[in-house]
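Chain by chain, the residues:
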Amino acid sequence: MEASQIKYIVIHCTAGWTNAAGVQNYFTRPKSKGGRGWRTGGYHRIIEPDGTIKEMYPFSRVTNGVAGYNTECIHISYVGGVNYEQYKKGKYIAEDTRTSAQKVAIESCIIEAINWLQENGKDIYQDLMVLGHRDFSDDKDGSGVIESWERIKECPCFDAIPEYEFYNSNNGKKEVLPSNR
Ligand SMILES: [Zn+2]
């Protein structure tokens, strides 16, 4: 995809505790074997709990993250986002489980993405926003329009807009949410 098309750097959680390779395997494994059967998996970067950044796809490739918007998005996800003890019992309870190493790594990925955008012709001072997956949802308290494979509609389980507003194209002023949701 073209850097100039990109409007959103979207932060996700994996909503589980499987490592990056396992998450991607689930996306690309055939449906007959319990996976999603996608030709291209999800997210450009996945960040392990210890802060290790796993490069899943180059930013130039369209990956899965927000249905209907993927050609305008760079997707960054951290492993976690659900309570670990409950997860072991098969329950998915949304929780901001980011480690300090993951917080640093998420920000590194945002900077990496912005640098890539700029190097590839995107005007980073126009029409660029860092936000959470859930910010695309008009239904923050209801039935949920977020893809079921993440299991939770709270993704990424923290409020990404104020946390990363420094990186928005308007340099910290409140950015207008995507209007074409
Ligand atoms: Zn998500």
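Just so it is clear, the structure is predicted and the values come from calculations on it, not from any experiment. Here the residue index of a chain counts from 1 through its sequence in written order. Whole-chain, interface and lining totals are the exception, using all residues; otherwise, since this is a predicted model, local features are given only for residues with pLDDT of at least 70 and side-chain atom pairs are given and counted only at 80 or more.

Trainee: Before we move on, could you go through the overall build of the chain and cite the residues and values that matter?
Mentor: When helices and strands are counted, the chain shows 4 helices and 5 strands. Helix and strand assignments follow DSSP, with helices taken as H or I runs no shorter than four residues and strands as E runs no shorter than two, numbered in order from the N terminus. Across the chain, helices and strands are ordered from the amino to the carboxyl terminus as β-α-β-β-β-α-α-β-α. Relative to its full complement of 181 residues, the chain shows a buried share of 34%. When contacts within the chain are restricted to residue pairs at least 6 apart in sequence, those whose partners lie at least 24 apart make up 66%. Comment: burial labels come from other C-beta atoms within 10 Å of the residue's own C-beta, placed from the backbone, where a count of 20 or more is buried, 12 or fewer is exposed, and between is partly exposed. Contacts here follow a simple rule: the backbone-placed C-beta atoms of the two residues must lie within 7 Å.

Trainee: Please give an account of the nonpolar core that cites residues and values.
Mentor: Ranked by size, the top nonpolar core spans 35 residues in total, and within it Ile9, Val10, Ile74, Ile76 and Ile106 carry the most contacts. The set of elements that each furnish at least two residues to this core consists of β1 (8–13), α1 (20–28), β2 (45–47), β4 (73–78), α3 (100–119) and β5 (129–132). Under the definition applied here, buried Ala, Val, Leu, Ile, Met, Phe, Trp, Tyr and Cys residues are grouped into a nonpolar core through C-beta atoms within 7 Å.

Trainee: Go over the environment of Glu154 with me, naming the residues and quoting the values.
Mentor: Within the secondary structure, Glu154 is located in the loop between β5 and α4 (160–163). The class of Glu154 is buried, set by 24 C-beta atoms lying within 10 Å. Distance in space between the C-alpha atoms of Glu154 and Arg134 is 5.8 Å, their sequence separation being 20 residues. Setting aside residues no more than four positions away along its own chain, Glu154 makes contact with Ala94 and Arg134.

Trainee: Describe the pairing of β1, listing the residues and the values that go with them.
Mentor: Most of β1 sits out of view: 6 of its 6 residues are buried. Summarising the sheet, β1 and β4 pair through 6 bridges and their orientation is parallel. Bridging from a neighbouring strand, Ile9 pairs with Ile74 of β4. As paired elements, β1 and β5 share 4 bridges and run parallel to each other. Bridge pairing in β5 places Ile11 opposite Gly132. Pairing between strands is defined by DSSP: at least two bridges between the two strands are required.

Trainee: Give a detailed account of the sheet that holds strand β3 (residues 53–55), specifying residues and quantitative values.
Mentor: Pairing is mixed in the open sheet, where 5 strands are placed in the order β3-β2-β4-β1-β5. Because the sheet does not close on itself, it has two edges, and the strands there are β3 and β5. Strand-to-strand twist of the sheet, defined as the mean angle between neighbouring strand axes without regard to direction, takes the value 20°. In this sheet, β3 lies alongside β2 in antiparallel orientation, the contact comprising 3 bridges. When the sheet's bridge partners are listed, Ile46 is paired in β3 with Lys54. Comment: axis = line fitted to C-alpha atoms, over the contacting stretch for helices; angle = value between 0 and 180 degrees taken between N-to-C directions. Relative to β4, α3 is tilted by about 165°, and along the sheet it contacts β1, β2, β3, β4 and β5.

Trainee: For the confidence of the model for the chain, give the residues involved together with the corresponding values.
Mentor: When pLDDT is averaged along the chain, the result is 87; 85% of the residues meet or exceed 70. What pLDDT reports is the predictor's confidence in each residue, on a scale of 0 through 100. Confidence drops under a pLDDT of 50 for residues 140–147, and excluding neighbours within four residues, the segment shows 11 contacts in the predicted structure.

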